[in-house]
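Summary of structural features
What follows is each chain in one-letter form.
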Amino acid sequence: MLEVNNLVVRYPGSHHNALSSINLTFDQGDFICVLGKSGAGKSTFIRCLNGLQLPTSGEVIWDGQTLSNRNEEQLRKIRREMGMIFQHFNLVPRLSVLQNVLSGMFGYRSSLKNLIGWFSEEELNQAKQMIDEVGLKDFMNRRVEHLSGGQKQRVGIARALVQNPRVLLGDEPVASLDPGTSNRIFTLLKEMHNRHNLLTVINVHDVTLAKRYATRVIAFKDGEVIFDGKPEYFSNK
Ligand code: ADP
Ligand code: ADP
């Protein structure tokens, strides 16, 4: 359903490739952790998968369609099938948990004051159900700025999943969290992966986390894949 062929990314003005000729195929059942040192190309790779970054050459193929050939409208539609979570959460701090999650349904709108009134009962229930699933039922109307880091990432996960995507992408979603919280977030991600049948691709710099949760580890070094396989065979050398 998702594959990359001879993917190359070189940023303008750079003298080396951020990604060099990457070939990978993903299965719906994969829970993938992408490992690699800072600058290895993990973030560039993740952003290629949903078309946020277009390749210099090569292609990303989603459901048989090459992303580079899609127009902005089609790309937006594809991105709705791929939720994404981020290191710094990318939430709206002054809005409530519910409002942030609802924003994942139709995107951020300029006038959010009456946001809740714009959604149908069914959509509201869908958002509330998702907030319940990530363990924030009692925080529904709390402003996000008053939440802990782990709670904020739970909001991020609910917002990413409220539109029922088939893929969940994560760009270092636990890099700002302590080890205990990181483990609880990964437990939740694994739960959501199983319950919603999500292809999950998450960047992480912590090898222990990757080995504990991934069904498949992909490691990058200097823009190349240096490992792709079961976590038990990965050695950090
Ligand atoms: P990682 O996520 O593993 O830290 P990145 O994908 O961010 O790696 O970076 C891969 C390479 O691309 C690095 O050499 C980095 O310096 C370079 N790079 C990343 N983003 C940009 C950019 N916007 N402009 C120029 N070079 C970039
Ligand atoms: P209450 O006073 O009803 O417990 P709090 O505002 O203390 O409500 O928040 C409830 C939960 O949210 C607590 O478990 C707390 O740890 C967490 N929390 C709230 N705000 C923050 C924050 N800024 N940083 C860390 N945790 C927070």
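Read on for an overview of the structure. (Residues numbered from 1 in each chain as written. Chains lettered and ligands numbered in written order. Predicted model: local features only at pLDDT ≥ 70, side-chain atom pairs only at ≥ 80, totals over all residues. Heavy atoms only, no water.)

Across the sheet, which stays open at both edges, the four strands sit in the order β2-β1-β4-β5 with antiparallel pairing between neighbours. Edge strands, defined here as strands with exactly one partner in the open sheet, are β2 (19–26) and β5 (65–66). Bridge analysis of strand β1 (residues 2–9) against strand β4 (residues 57–62) gives five bridges, and the strand direction is antiparallel. Within β4, the position partnered with V8 by the bridge is S57. (Pairing = 2+ DSSP bridges. Helix = DSSP H or I, 4+ residues; strand = E, 2+ residues; numbered from the N terminus.)

To continue, consider the site of ligand 1. Inspection of the region around ligand 1 gives Y11, H16, A18, K37, S38, G39, A40, G41, K42, S43 and T44 as its neighbouring residues. For ligand 1, an oxygen atom lies 3.0 Å from a polar atom in the backbone of G41. Within the side chain of T44, one N or O atom sits 2.5 Å away from an oxygen atom of ligand 1. Here ligand 1, which alone exposes 560 Å², has 60% of that area covered by the protein. When the residues that make up the shell around ligand 1 are grouped by side-chain class, the tally is three nonpolar, six polar and two charged. (Near = heavy atom within 4 Å. Polar contact = N/O pair within 3.5 Å; in protein donor to acceptor, adjacent residues only side chain to side chain. Areas by Shrake-Rupley, 256 points an atom, 1.4 Å probe, with all protein chains shown as cover. Nonpolar A, V, L, I, M, F, W, Y, C, P; charged D, E, K, R; others polar.)

Another point: helix α5 (residues 149–161). Here α5 contains 13 residues, and its C-alpha end-to-end distance of 18 Å stays within 8% of the 18 Å for a straight helix at 1.5 Å per residue. Here α5 has its buried residues at G150, Q151, Q153, R154, V155, G156, I157, A158, R159, A160 and L161. (Expected span 1.5 Å × (residues − 1). Buried < 20%, exposed > 50% of the residue type's maximum accessible area, 1.4 Å probe, protein only.)

One can find I22 in strand β2. Measuring from C-alpha to C-alpha, the distance between I22 and V9 comes to 9.6 Å, with 13 residues separating the pair along the chain. Apart from the residues lying within four places of it in its own chain, the contact partners of I22 are V4, N5, N6, L7, F45, F220, G223, E224 and V225. (Contact = heavy atoms within 4.5 Å.)

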